[in-house]
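A closer look at the structure
Chain residues, written in single-letter form:
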Amino acid sequence: QVQLVESGGGLVQAGGSLRLSCAASGRTFSSYFMGWFRQAPGKEREFVAAINRNGGGTAYGDFVKGRFSISRDNAKNTVYMQMNSLKPEDTAVYYCVGEEGGMSFLATSWRYWGQGTQVTVSS
């Protein structure tokens with residue numbers, strides 16, 4: 001089992017940047033695929049990004065369009081997401097997720113979830 005704790009959310013103006021971090025504890029971090037989902041008020045959870053075990057493979061939601069970058073440091077048990085050129089529509093709670101079996105665009109495929117961190121982008 002792995003516990004996930006996100007940090008780095010906050011309030012930023014449109015066009016600005018934020019870096020989210022997710023610290024993992026528990027079993028070997030490098031055995032997990034990691035990712036990020038987000039959920040805006042009144043909307044379903046949405047796939048943002050995912051990364052494979054060694055960081056050599058990544059996937060992004062269509063809306064990202066080169067603005068976000070996911071990375072991981074297995075020595076620090078941490079996954080990151082650099083978010084640039086933020087837009088008001090990026091406002092949401094961002095969740096860190098982990099799964100041993102593989103990456104997926106479906107929220108239901110990810111077993112472990114953090115508590116979420118709020119990102120608010122003002123216009």
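The structure contained in this document is the topic of the report that follows. Just so it is clear, the model here is predicted, and its values are computed rather than measured.

Going through the model one piece at a time under the given rule, you end up with 7 aromatic pairs. An angle of 75° between the planes, with centres 5.7 Å apart, marks the rings of Tyr32 and Tyr112 as edge-to-face. Here the residue Tyr32 occupies a position in the loop between strand E3 (18-26) and strand E4 (33-39), and Tyr112 occupies one in strand E10 (residues 112-113), the gap between them amounting to 80 residues. Each member of the pair, Tyr32 together with Tyr112, is buried. Taking 5.8 Å as the distance between ring centres and 70° as the angle between the ring planes, the aromatic pair formed by Tyr95 and Trp113 counts as edge-to-face. Placement of Tyr95 in strand E9 (residues 92-99) and of Trp113 in strand E10 is noted, with a sequence separation of 18 residues between them. The class of Trp113 is partly exposed, set by a relative accessible area of 25%. Members of the aromatic cluster, each reached through a chain of ring pairs, are Phe37, Phe47, Tyr95, Phe105, Trp110 and Trp113. Seen from the ring of Phe63, Arg38 lies directly overhead, with NZ or CZ sitting 3.7 Å from the centre.

Of the two faces of strand E7 (residues 68-73), the one holding Phe68, Ile70 and Arg72 is buried and the one holding Ser69, Ser71 and Asp73 is not buried anywhere. Pairing geometry for E7 and strand E8 (residues 78-83), over 6 bridges, is antiparallel. Across the sheet, residue Ser71 finds its bridge partner in E8, namely Tyr80. What sits between the antiparallel neighbours E7 and E8 is a turn of 4 residues, in which Asn77 has the positive phi angle 55°.

About the cut-offs
- Residues numbered from 1 in each chain as written.
- Predicted model: local features only at pLDDT ≥ 70, side-chain atom pairs only at ≥ 80, totals over all residues.
- Heavy atoms only, no water.
- Phe/Tyr/Trp six-rings, centres within 6.5 Å; stacked < 30°, edge-to-face > 60°.
- Helix = DSSP H or I, 4+ residues; strand = E, 2+ residues; numbered from the N terminus.
- Buried < 20%, exposed > 50% of the residue type's maximum accessible area, 1.4 Å probe, protein only.
- Lys NZ or Arg CZ within 6 Å of the ring centre and 35° of its normal.
- Pairing = 2+ DSSP bridges.

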